[in-house]
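As a plain string of letters, each chain reads:
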Amino acid sequence: MLGICRGRRKFLAASLTVLFVPAITWIYLFAGSFEDGKPVSLSPLESQPHSPRYTASSQRDRESLEVRMREVEEENRVLRKQLSLAQGRGPSHHRGNHSKTYSMEEGTGDSESLRAGIVAGNSSECGQQPAVEKCETIHVAIVCAGYNASRDVVTLVKSVLFHRRNPLHFHLVADAIAKQILATLFQTWMVPAVRIDFYDADELKSEVSWIPNKHYSGIYGLMKLVLTKTLPSNLERVIVLDTDITFATDIAELWAVFHKFKGQQVLGLVENQSDWYLGNLWKNHRPWPALGRGYNTGVILLLLDKLRKMKWEQMWRLTAERELMSMLSTSLADQDIFNAVIKQNPFLVYQLPCFWNVQLSDHTRSEQCYRDVSDLKLQKQLSELDEDDLCYEFRRERFTVHRTHLYFLHYEYEPASDNTDVTLVAQLSMDRLQMLEAICKHWEGPISLALYLSDAEAQQFLRYAQGSEVLMSRHNVGYHIVYKEGQFYPVNLLRNVAMKHISTPYMFLSDIDFLPMYGLYEYLRKSVTQLDLANTKKALIIPAFETLRYRLSFPKSKAELLSMLDMGTLFTFRYHVWTKGHAPTNFAKWRTATTPYRVEWEADFEPYVVVRKDCPEYDRRFVGFGWNKVAHIMELDAQEYEFTVLPNAYMIHMPHAPSFDITKFRSNKQYRICLKTLKEEFQQDMSRHYGFAALKYLTAENNS
């Protein structure tokens, strides 16, 4: 159908062009141009009234020619207008600035349909319907519940944003999980001219919970039925979409279809492409009543104001109650009830062309009518930076907002009854992905991970995770995607994201290239109780070791680890390149210790610790390599945390190729200079914030 439509469009444009070009040529060759309504002569001789060639006959010819030129000019104007209409730039029907809705749900389309997208079948170009004003807000409603549906919404929204030229207002009917994920996503995405409103799906459950539903979407698959009641009363119309939709054209073209509704038409739907409602798929197949092939509700245009006047709520409820007496339950959720209502009231439907509910890929980008705007606070912060500063790029990273998708995969966590649970916190990029399975085998407790990925890498990660039995068997791992932006690895931002989204009272601040000892999770839970972490400000230190071997027989006890240390299979972490980082742990004492012992802070100390979830965040000015953990430990000390080494805990760093950031640190002198500058500024900030007690950090630095 799309191909036929396009053929007509091209034929119309070509036909008009054939007429249009000769008209222009005629004016150019025989008329010249007009100024102030007077003809401009084609020959210099014509401007001389006494010329022998300027006769009464030539005057009549000239007047006749002027009349013909004006006729041609009028024809040309009409043709130009027709061509403009054919290209979808005709007069628009302006609507007030009402709020509109976009609703998404977890798959209520029929399982036989190939539908997966909204495509570039330009119905406005085919039917010459009125265009949408460029700055008119388009409202879209989506029902979204859970982790997986939230991920699908991102693909849907991206496809809409890619083509759109109008402001958008998304109305998201979401459960608590989806709201948390999507609220953060849109706040960090900062897309201009996009508004988001949330509606609590849990509050709507009672409206539809009385309807038995066999569809996998469950109760959420019925919530599109109550949109007239849920959405703002002043909202007149809305496009409703399933989460598995992908746009390949400007959504304004679909919005413009509302102008084609006539009479009592209040629902815009595409006819079903499967035989489901024909009832011949298998023996004794008995679907809900439908008009012919029925209609698919993956894409719906709802004329809300008229639906409310028709008492839509009463209409669908009475229909559902009557049909459930014989059907007992719905098979395709809201779609069954919509079709049963339409069977009784076929005048309600405006049938959309099929290209609005199939999967196609042709598309064009449309211009936007508004200027891209970003957060004013962010702009002010950036304007205060000196662009001539050699460390400008480092400084601006502190204010960069990264699009963030929380809980990229399904997450489940049951709080421990004794309130001692600990979450392992880490961050990683694509080149450390292979560590995930090993960490999951070593740590059975909850994990919170921030992954720094591009959009393409996020899809690679999804396929990797879904293909891993180890990762798919673990539902207590929170994967939070922070999308790439800027030239530095925002290590401390990633740590903060992972820290912020834990569900336990304590967290183990680790790195992705470390494997915790077997049993560390249970050991830490006992330790937080024994050392009264709930009521004291302590940072429990897990001593760090390393191996240079890619294949390691991991020590199963402290005694086995000490033996490997003596044999040279293991080493204390960074003993050969950065001794100061872990020297205060006092490995000599740890060898024989049987009880926890306290150590004092020293310059450049950066141990891995267990702390309460209310500990300070990492300082975002430190990116890439260098001083990111050191600054955090310094602030813990400034806040008077006690550093306590656990005698029977350990973690081992596994070897890997040098990161891009450490390579840049080693090879780029300006990088090292800027890091030193940021470090000094951080120490000065500490002194201003914590006063006299923080002066020791400056002294320690001068002595080191």
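All values reported here derive from a predicted model rather than from experimental measurement. (Residues numbered from 1 in each chain as written. Predicted model: local features only at pLDDT ≥ 70, side-chain atom pairs only at ≥ 80, totals over all residues. Heavy atoms only, no water.)

Turning next to the overall build of the protein chain. A tally of regular secondary structure across the protein chain gives 24 helices and 23 strands. For the protein chain, with 704 residues in total, the buried portion stands at 54%. Looking at the protein chain alone, contacts between residues at least 24 apart form 83% of all its contacts between residues at least 6 apart. Carbon and sulfur atoms make up 52% of the accessible area of the protein chain, which amounts to about 32600 Å² in all. (Helix = DSSP H or I, 4+ residues; strand = E, 2+ residues; numbered from the N terminus. Buried < 20%, exposed > 50% of the residue type's maximum accessible area, 1.4 Å probe, protein only. Contact = heavy atoms within 4.5 Å. Areas by Shrake-Rupley, 256 points an atom, 1.4 Å probe, with all protein chains shown as cover.)

Here we come to the packing of aromatic side chains. Given two aromatic rings, their pairing is described by the distance between the two centres and the angle made by the two planes. Summed over all chains, the structure comprises 29 aromatic pairs. When the ring of Phe-394 is compared with that of Tyr-671, the centres are 5.2 Å apart and the planes differ by 75°; the resulting orientation is edge-to-face. Highlighted residues: Phe-394 in helix α13 (residues 392–397) and Tyr-671 in helix α23 (residues 669–690), separated in sequence by 277 residues. Here the two residues Phe-394 and Tyr-671 agree in accessibility, since each one is buried. Between Arg-151 and the ring centre of Phe-408, over which it is positioned, the NZ or CZ distance is 5.4 Å. Directly above the ring of Tyr-483 sits Arg-403, whose terminal nitrogen or CZ lies 4.0 Å from the centroid. (Phe/Tyr/Trp six-rings, centres within 6.5 Å; stacked < 30°, edge-to-face > 60°. Lys NZ or Arg CZ within 6 Å of the ring centre and 35° of its normal.)

Mean pLDDT over the protein chain works out to 80, with 77% of the residues at or above the 70 mark. Counted against residues more than four places away or in other chains, residues 85–130, with its pLDDT under 50, gives 205 contacts. Across residues 359–374, confidence stays below pLDDT 50; counting only partners more than four residues off in sequence or on other chains, it has 36 contacts. (pLDDT = per-residue confidence, 0-100.)

Strand order in the open sheet made by the 9 strands is β11-β14-β13-β12-β15-β21-β17-β22-β20, with mixed pairing throughout. Only two strands of the sheet have a single partner each, and these edge strands are β11 (404–405) and β20 (597–599). Examined bridge by bridge, β20 and strand β22 (residues 642–645) share 3 bridges and lie antiparallel to one another. Following the sheet pairing, Tyr-597 is matched in β22 by Val-645. With respect to the sheet, helix α17 (residues 491–500) is in contact with β11, β12 (422–429), β13 (447–453), β14 (477–483) and β15 (506–509), its orientation differing from that of β12 by roughly 145°. (Pairing = 2+ DSSP bridges. Axes fitted to C-alpha atoms, helices over the stretch in contact; angles between N-to-C directions.)

Further remarks concern the pairing of strand β7 (residues 237–241). β7 sits mainly inside the fold: 5 of its 5 residues count as buried. The alternating pattern of β7 places Arg-237, Ile-239 and Leu-241 on one face and Val-238 and Val-240 on the opposite face, and all of these are buried.

With that settled, the discussion passes to the pattern of salt bridges. With the rule as written, the count across this model stands at 29 salt bridges. The shortest N-O distance in the salt bridge between Arg-165 and Asp-250 comes to 3.6 Å. Here Asp-250 lies in the loop between β7 and α8 (251–255) and Arg-165 lies in the loop between α4 (146–163) and β5 (168–174), a separation of 85 residues in the sequence. In this structure Arg-165 comes out as partly exposed when scored by relative accessible area, which is 22%. Residues Arg-395 and Glu-681 are paired through a salt bridge, measuring 2.7 Å at the closest nitrogen-oxygen approach. (Salt bridge = Lys/Arg side-chain N within 4 Å of Asp/Glu carboxyl O.)

Attention now moves to unusual backbone geometry. Its identity as a non-glycine residue notwithstanding, Lys-311 has a phi of 60°, on the positive side. At Tyr-407, a position not held by glycine, the phi torsion is positive, near 50°. Following the sequence through the fold, Tyr-407 ends up in the loop between β11 and β12. Judged by its relative accessible area of 6%, Tyr-407 is buried.

Here helix α21 (residues 628–638) crosses α23 at 15°, and the two axes come no closer than 12 Å. The angle between α21 and α23 falls in the class roughly parallel. In this structure, the crossing between α21 and α23 has a hand that is right-handed. Mapping the contact onto sequence places Ala-631, Met-634, Glu-635 and Ala-638 in α21 and Phe-682, Gln-683, Met-686 and Tyr-690 in α23. Looking at the contact of α21 with α23, its residues break down into 6 nonpolar, 1 polar and 1 charged. (Parallel < 35°, antiparallel > 145°, perpendicular 65-115°, else oblique. Left-handed = near helix turned anticlockwise from the far one by under 90°. Nonpolar A, V, L, I, M, F, W, Y, C, P; charged D, E, K, R; others polar.)

Moving on, we get to the sheet that holds strand β19 (residues 571–572). Strand order in the open sheet made by the 4 strands is β16-β23-β18-β19, with mixed pairing throughout. Because the sheet does not close on itself, it has two edges, and the strands there are β16 (514–516) and β19. Bridge count for strand β18 (residues 544–546) against strand β23 (residues 651–653) is 3 bridges, and the pairing is parallel. Note that in β23 the partner of Glu-546 across the bridge is His-653.

This part is about the side chain of Glu-546. Structurally, Glu-546 can be placed in strand β18. In terms of polar contacts, Glu-546 uses its side chain to reach the side chain of Arg-574, at 3.0 Å. In this structure, Glu-546 is in contact with Thr-569, Leu-570, Phe-571, Thr-572, Phe-573, Arg-574, Tyr-575, His-576, Ile-652 and His-653, ignoring residues within four places of it in sequence. (Polar contact = N/O pair within 3.5 Å; in protein donor to acceptor, adjacent residues only side chain to side chain.)

Within strand β21 (residues 608–612), 5 of the 5 residues are buried, which leaves the element mostly enclosed by the surrounding structure. The pairing of strand β17 (residues 538–542) with β21 spans 3 bridges and is classified as antiparallel. Counted as the bridge partner of Leu-540 is Val-610 from β21.

Packing of helix α10 (residues 312–327) against helix α11 (residues 334–344) brings their axes to within 9 Å, and their N-to-C directions diverge by 100°. As summarised for this structure, α10 and α11 are arranged roughly perpendicular, according to the angle between their axes. For the pair formed by α10 and α11, the contact residues are Trp-312, Met-315, Trp-316, Thr-319, Ala-320, Arg-322 and Glu-323 on the first element and Ile-337, Phe-338, Ala-340, Val-341 and Gln-344 on the second. Class assignment for the residues of the contact of α10 with α11 results in 8 nonpolar, 2 polar and 2 charged.

In this section: the nonpolar core. The biggest cluster of nonpolar side chains holds 115 residues, and the ones touching the most others in it are Leu-449, Phe-461, Tyr-479 and Phe-508. One finds Leu-161, Ala-201, Trp-276 and Leu-352 within the second-largest nonpolar core, a separate group that totals 87 residues. (Core = buried A, V, L, I, M, F, W, Y, C linked by side-chain atoms within 4.5 Å.)

A word on the environment of Ala-201. When you line up the elements, Ala-201 lands in helix α6 (residues 201–208). In this structure the C-alpha to C-alpha distance between Ala-201 and Ala-178, which are 23 residues apart in sequence, comes to 9.9 Å. Contact partners of Ala-201, with chain neighbours within four places excluded, come to Val-173, Ala-174, Asp-175, Tyr-220 and Met-223.

Structurally, Tyr-220 can be placed in the loop between α6 and α7 (227–230). Given a relative accessible area of 13%, Tyr-220 falls into the buried group. Once the C-alpha coordinates of Tyr-220 and Ser-209 are considered, the two residues, 11 residues apart in sequence, prove to be 9.3 Å apart.

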